[in-house]
Protein chains: 2
Amino acid sequence: MNSLTDLSSVLGPHHPLVTGQTVDASLVQAALGNRPEQTPVWFMRQAGRSLPEYREVREGTQMLEACFNADLVTEITLQPVRRHGVDAAIFFSDIVVPIKAVGVDVEIQPGVGPVVSKPFRSRADLDRLRDLEPDDIRPIIEAVGAITGELGSTPLIGFAGAPFTVASYLIEGRPSRDYLHTKALMLQDPETWNSLLDKIARISGEFLRQQVLAGASVIQLFDSWVGALSRPAYIHSVQAHSATALGMVADLGVPKIHFGVNTGELLADMHAAGADVMGVDFRLSLDEASKRLGGNVPLQGNLDPATLFVDADVRERAIDSVLDSAAGLPGHIFNLGHGVPPNADPGVITSVVDYVHQGRAR
Amino acid sequence: MNSLTDLSSVLGPHHPLVTGQTVDASLVQAALGNRPEQTPVWFMRQAGRSLPEYREVREGTQMLEACFNADLVTEITLQPVRRHGVDAAIFFSDIVVPIKAVGVDVEIQPGVGPVVSKPFRSRADLDRLRDLEPDDIRPIIEAVGAITGELGSTPLIGFAGAPFTVASYLIEGRPSRDYLHTKALMLQDPETWNSLLDKIARISGEFLRQQVLAGASVIQLFDSWVGALSRPAYIHSVQAHSATALGMVADLGVPKIHFGVNTGELLADMHAAGADVMGVDFRLSLDEASKRLGGNVPLQGNLDPATLFVDADVRERAIDSVLDSAAGLPGHIFNLGHGVPPNADPGVITSVVDYVHQGRAR
């Protein structure tokens, strides 16, 4: 796919891809497999704790409360675009927002992460998940409309967690390093596992779909922790469910980015689930990743976040190295190989955007 | 290397490899690239919190205090051999023991892990490390002698942390998920980095050497967290230091096992640092790992620890799958793909040993 045509019947006449506002944006073009003059750049977790203006507006508001407040979501999503001049906004949300929206008792504990009061461990827990309806996320749909109105020609990337990663939070009940409960359920009771992941996939897919219909021009499905699985386990127990989630926006025509840390062994299989662009973490060079994908998949990545904490000349050599390894790609979206660390200096982040946009002589 | 000859000049006449006590042990033979009748099996972290008898003897004693108490180390090291009938003991210690032994202020905080009171961040910190002398670890040398006396024909595996992993604790000051300080020092100040890793390598290497001279028949160098690096970063900044550590026992002739989680991309380069056997985590099948190593390296691994929490029939199919993928290897040491989880059922662990020893019809 190298162009977007005739999307008005599915997206409606006012969508920024249909009006033409975001079609020529460097991010959309790179995601379609083209090489715009300037390499587009954005950062995972660009909207968040690294920004003082974020910490200010979040003060006194719980994380998940903020995610359902249209004004706050709008403001927070736009902050990094204003400050850094990045080439895309990423919708400010959290991986557990859609399951919260269908009634699961989950909260984000500061310094811990998502905590589910009663973890999902058995077949009976399946009844605790129902389909996501637009009415469950009205403030979110409203925020997407407000954001894309403000953004103009800068595309908004819709956001959702992939089935495995969402399931890992539901099953473990809190962030985990080893996913023992998750993998045990996957091995022990494939029927419950598949039903659970299918339910999550439809919730995540609908969450993405609503964001696209409200104005997002691209989506990213985050399978942050799926790198904990072997390739056979991914193919056997996860891939079909990621395909379900991605399939729920396939008819909308927007480019679909897919990413997880530590997924060098899984890139081709994750791509085969229906992604258009693969995000690559900092462990694998982009040219090696491209080779594993057959050489024709646009890639996103992959500066090591640690380079945000070194002198400019050292960091610029690292950026050069990413740009060099992307030279032969069909499309390249510059990003970190993981999220922005909360203690990163915003000035340094802006300098990365400027440096990538300059595009040193190569 | 498929045999051990003429080690008496380096190991002395009483070493169990020289007296012949452990030479025919299945673990030693598999590590040398042979296929003994029974596949040898042991478990990383087999000596530890999963055992009630461990929790009993540790009661009231701090972790690092226990690691310098010859009687406790002896008892704890032997416990899993008595209970499970595993084919090797692993010396009970901690990755930070050798740096504690040279005077670094480090403690193991329960529920956290190693905490260094003043993290290493600059060139001046190099002066805080000196070479390890046998006198720094007398109780440890004494314990190895007592253990190997008790073990008879069962080999003891010596234990040490590799330079990168030890450095990550010194630099971060506590366990980390992203190693930002560690990588920043590596990128920003290669001279300090290399001096630091060289010092650690000589400390770790000497720690291993003393264990071998006191009676260990095999060693394992744990680079637990090195999978956080890209392959170019590993080769550029770490490999030579792991080689220094492994080189300090090379003349002793004992087989050297090397392991880190998440190192599928690094296996060949870690092997090239001077290892004889590569440990493989649960993400990569043993046949694929063997392919990456040219097909002639004995492997250790790699049952997913999550299988300790499922029904016996599901677990046995997973064990079969590991044994099947090891069928073409020059040597195979059965192990988990990561450490024993503290909440694992000891009875289940014993059943894994029995099942592997039975060796189902393949």
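Residues numbered from 1 in each chain as written. Chains lettered and ligands numbered in written order. Predicted model: local features only at pLDDT ≥ 70, side-chain atom pairs only at ≥ 80, totals over all residues. Heavy atoms only, no water.

(A) Just the overall build of chain A, in detail. Of regular secondary structure, chain A possesses 16 helices and nine strands. Scaling as 2.2 N^0.38, a compact globule of 362 residues should have a C-alpha radius of gyration of about 21 Å, and chain A matches this with 19 Å. Taken along the three principal axes of its C-alpha coordinates, chain A extends 60 × 45 × 40 Å. A total of 362 residues make up chain A; the buried ones form 63% of that total. Here the contacts in chain A between residues at least 6 apart in sequence split such that 74% fall between residues at least 24 apart. Carbon and sulfur atoms provide 47% of the accessible area of chain A, an area that totals close to 13000 Å². (Helix = DSSP H or I, 4+ residues; strand = E, 2+ residues; numbered from the N terminus. Rg over C-alpha atoms; globule rule 2.2 N^0.38 Å. Buried < 20%, exposed > 50% of the residue type's maximum accessible area, 1.4 Å probe, protein only. Contact = heavy atoms within 4.5 Å. Areas by Shrake-Rupley, 256 points an atom, 1.4 Å probe, with all protein chains shown as cover.)

(B) How the structure looks around the relation of the copies chain A and chain B. When chain A is fitted onto chain B, the two copies agree to an RMSD of 0.0 Å after a turn of 180° and an axial shift of 0.0 Å. What we have between these two chains is a two-fold relation. Proximity to the rotation axis, assessed at the C-alpha, singles out A:Asn262 in chain A; its C-alpha lies 4.0 Å from the axis. A shared interface surface links the copies, since 100% of the contact residues of chain A are contact residues in chain B too. (Least-squares fit on C-alpha atoms with pLDDT ≥ 70 in both.)

(C) Inspection of the packing of helix H10 (residues 190-213) of chain B against helix H12 (residues 239-247) of chain B at higher detail. Residues and elements named next belong to chain B. The geometry of H10 relative to H12 is characterised by a closest axis approach of 7 Å and an angle of 25° between their N-to-C directions. As judged from the angle between their axes, H10 and H12 are roughly parallel. As for the relative orientation of H10 and H12, their crossing is right-handed in sense. Along its contact with H10, which presents Asn194, Leu197, Asp198, Ala201, Arg202 and Gly205, the element H12 presents His241, Thr244 and Ala245. (Axes fitted to C-alpha atoms, helices over the stretch in contact; angles between N-to-C directions. Parallel < 35°, antiparallel > 145°, perpendicular 65-115°, else oblique. Left-handed = near helix turned anticlockwise from the far one by under 90°.)

(D) Representation of the pairing of strand E9 (residues 332-336) of chain A. Residues and elements named next belong to chain A. In terms of residue burial, E9 counts as a mostly covered element, since five of its five residues are buried. Of the two faces of E9, both are covered, the one formed by His332, Phe334 and Leu336 as well as the one formed by Ile333 and Asn335. By the bridge criterion, five bridges tie strand E8 (residues 299-303) to E9 in an arrangement that is parallel. Bridge assignment links Leu303 to a residue of E9, and that residue is Leu336. Crossover E8 to E9 through helix H15 (residues 312-325) is right-handed. (Pairing = 2+ DSSP bridges. Right-handed = clockwise from strand over helix to strand, strands pointing away.)

(E) Examining the interface of chain A and chain B more closely. Facing 30 residues of chain A, the contacting portion of chain B comprises 30 residues. Interface of chain A and chain B: buried area, both sides summed, is about 2400 Å²; carbon and sulfur atoms make up 54% of it. For chain A, the biggest contributors to the area lost against chain B are A:Arg177, A:Leu180 and A:Arg283; these three give 23% of the whole. The tally of links between chain A and chain B comes to four salt bridges. Between A:Lys183 and B:Asp304 there is a salt bridge, with the nearest N and O atoms lying 2.8 Å from each other. Counting the contacts that link chain A with chain B gives 10 residue pairs in polar contact (both at pLDDT 80 or more). (Buried area = accessible area lost by both parts, 1.4 Å probe. Salt bridge = Lys/Arg side-chain N within 4 Å of Asp/Glu carboxyl O. Polar contact = N/O pair within 3.5 Å; in protein donor to acceptor, adjacent residues only side chain to side chain.)

(F) Up close: the sheet that holds strand E8 (residues 299-303) of chain B. On the basis of which strands lie adjacent, the open sheet formed by seven strands has the order E1-E4-E5-E6-E7-E8-E9 (chain B) and parallel pairing. Pairing within the sheet leaves two strands with one partner each, and these edge strands are strand E1 (89-90) and strand E9 (332-336) of chain B.

(G) Here's a closer look at the nonpolar core. With 131 residues, the main nonpolar core has B:Trp42, B:Leu129, B:Leu170 and B:Leu196 as its most contacted residues. The element contributing the most residues to this core is H10(B), with nine residues. What B:Leu196 contacts, discounting residues up to four positions off in sequence, is B:Phe120, B:Leu126, B:Leu129, B:Ala167, B:Leu170, B:Ile171 and B:Leu185. Among the nonpolar cores identified, the runner-up in size contains 128 residues, and A:Val144, A:Ala160, A:Leu170 and A:Phe334 belong to it. (Core = buried A, V, L, I, M, F, W, Y, C linked by side-chain atoms within 4.5 Å.)

(H) Quick peek at the environment of B:Pro40. Residue and element names in this part refer to chain B. Tracing the backbone shows Pro40 in the loop between helix H2 (26-31) and helix H3 (52-58). When its relative accessible area of 1% is taken as the criterion, Pro40 is described as buried. Note: C-alpha distance between Pro40 and Leu156 (116 residues apart in sequence) is 13 Å. Contact partners of Pro40, with chain neighbours within four places excluded, come to Ser26, Leu27, Ala30, Asp87, His332, Ile333 and Phe334.

(I) Spatial organisation of the sheet that holds strand E7 (residues 277-279) of chain A. If you walk across this open sheet you meet the seven strands as E1-E4-E5-E6-E7-E8-E9 (chain A), and the pairing is parallel. Strands at the two margins of the open sheet, each flanked by one partner only, are strand E1 (89-90) and E9 of chain A.

(J) Layout of the pattern of salt bridges. The tally for this structure, following the rule as stated, stands at 30 salt bridges over all chains. Note that A:Arg130 and A:Asp136 form a salt bridge whose closest N and O atoms lie 2.9 Å from each other. Judged by its relative accessible area of 39%, A:Arg130 is partly exposed. Taking the shortest distance from any N to any O, the salt bridge between B:Asp131 and B:Arg202 comes out at 2.9 Å. Placement of B:Asp131 in the loop between strand E3 (113-116) and helix H7 (138-151) and of B:Arg202 in helix H10 is noted, with a sequence separation of 71 residues between them. Since its relative accessible area comes to 38%, B:Asp131 is described here as partly exposed. Among the charged side chains, a network of salt bridges with common partners joins A:Glu265, B:Glu288, B:Lys291 and B:Arg292.

(K) Seen up close, the environment of A:Ser325. Residue and element names in this part refer to chain A. Relative to the helices and strands, Ser325 resides in helix H15. Residue classification places Ser325 among the buried residues on the basis of a relative accessible area of 12%. Taking the C-alpha atoms as reference points, Ser325 and Ser230, 95 residues apart in sequence, are found 26 Å from one another. Setting aside chain neighbours within four positions, we find Ser325 in contact with Leu286 and Asp287. Within the structure, Ser325 has its side chain in polar contact with the backbone oxygen of Val322 (distance 3.0 Å).

(L) Broad picture of the packing of aromatic side chains. Taken as a whole and judged by the stated rule, the model has eight aromatic pairs over all chains. Plain terms: the ring middles of B:Phe159 and B:Phe222 are 5.0 Å apart, the flat faces sit at 45° to each other, and that makes the pair tilted. Of this pair, B:Phe159 sits in strand E4 (residues 156-161) while B:Phe222 sits in strand E5 (residues 218-222), placing them 63 residues apart in sequence. Through pairs of rings, three or more aromatic residues link up here, namely A:Phe164, A:Tyr179 and A:Trp193. Its end group placed over the ring of B:Trp225, A:Arg177 keeps NZ or CZ at 5.3 Å from the ring centre. (Phe/Tyr/Trp six-rings, centres within 6.5 Å; stacked < 30°, edge-to-face > 60°. Lys NZ or Arg CZ within 6 Å of the ring centre and 35° of its normal.)

(M) Representation of the environment of B:Ser351 in the model. Residues and elements named next belong to chain B. Structurally, Ser351 can be placed in helix H16 (residues 346-358). Of the residues examined, Ser351 reaches a relative accessible area of 31% and is grouped as partly exposed. Measuring from C-alpha to C-alpha, the distance between Ser351 and Asp131 comes to 43 Å, with 220 residues separating the pair along the chain.

(N) Quick look at helix H8 (residues 163-172) of chain A. Burial within H8(A) is extensive, with 10 of its 10 residues counted as buried. Burial in H8(A) covers these residues: A:Pro163, A:Phe164, A:Thr165, A:Val166, A:Ala167, A:Ser168, A:Tyr169, A:Leu170, A:Ile171 and A:Glu172.

(O) Representation of unusual backbone geometry. Residues and elements named next belong to chain A. Looking along the chain, the bond that leaves Gly301 and enters Asn302 is cis, with omega of -10°. For Asn302, the position within the fold is in strand E8. A positive phi is found at Asn262, a non-glycine position, where the angle reads about 65°. Take Asn262: its relative accessible area is 17%, and that puts it in the buried class.

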